[in-house]
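# Remarks on the overall topology
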Amino acid sequence: MVTIFKCSFCSKKIEPGTGIMYVKNDGTILRFCSSKCRKNMLYLKRNPRHIKWASEAVSK
């Protein structure tokens, strides 16, 4: 059975075999659809509710 995950930043669907999986030191697994989402969340510490392109993906 194939599992389709959602991006931790923009909530977009991630197809099997694509995306980036990031594991934090506490064991939390974050999945990202692109490096753009990964950088915005981890390095720039942005909130997806305040980012226009991310909040549009959440509302769809």
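The text that follows walks through the structure, step by step, so that each part is easy to find. The structure displayed is predicted, hence computed values, not measured ones.

As a further point, take unusual backbone geometry. Phi at Ser-11 is positive, roughly 65 degrees, even though this residue is not glycine. Here Ser-11 lies in the loop between strand 1 (5–6) and strand 2 (13–14).

Alignment of strand 3 (residues 20–23) against strand 4 (residues 29–32), held across four bridges, turns out to be antiparallel. Note that in strand 4 the partner of Met-21 across the bridge is Arg-31. Between the end of strand 3 and the start of strand 4, which pair antiparallel, lie five residues, with Gly-27 showing a positive phi angle near 95 degrees.

What follows covers helix 1 (residues 35–43). Those residues of helix 1 lying buried are Cys-37, Arg-38, Asn-40 and Leu-42. Positive backbone phi, approximately 55 degrees, marks Lys-45, located one or two places after helix 1.

Definitions and limits used
- Residues numbered from 1 in each chain as written.
- Predicted model: local features only at pLDDT ≥ 70, side-chain atom pairs only at ≥ 80, totals over all residues.
- Heavy atoms only, no water.
- Helix = DSSP H or I, 4+ residues; strand = E, 2+ residues; numbered from the N terminus.
- Pairing = 2+ DSSP bridges.
- Buried < 20%, exposed > 50% of the residue type's maximum accessible area, 1.4 Å probe, protein only.

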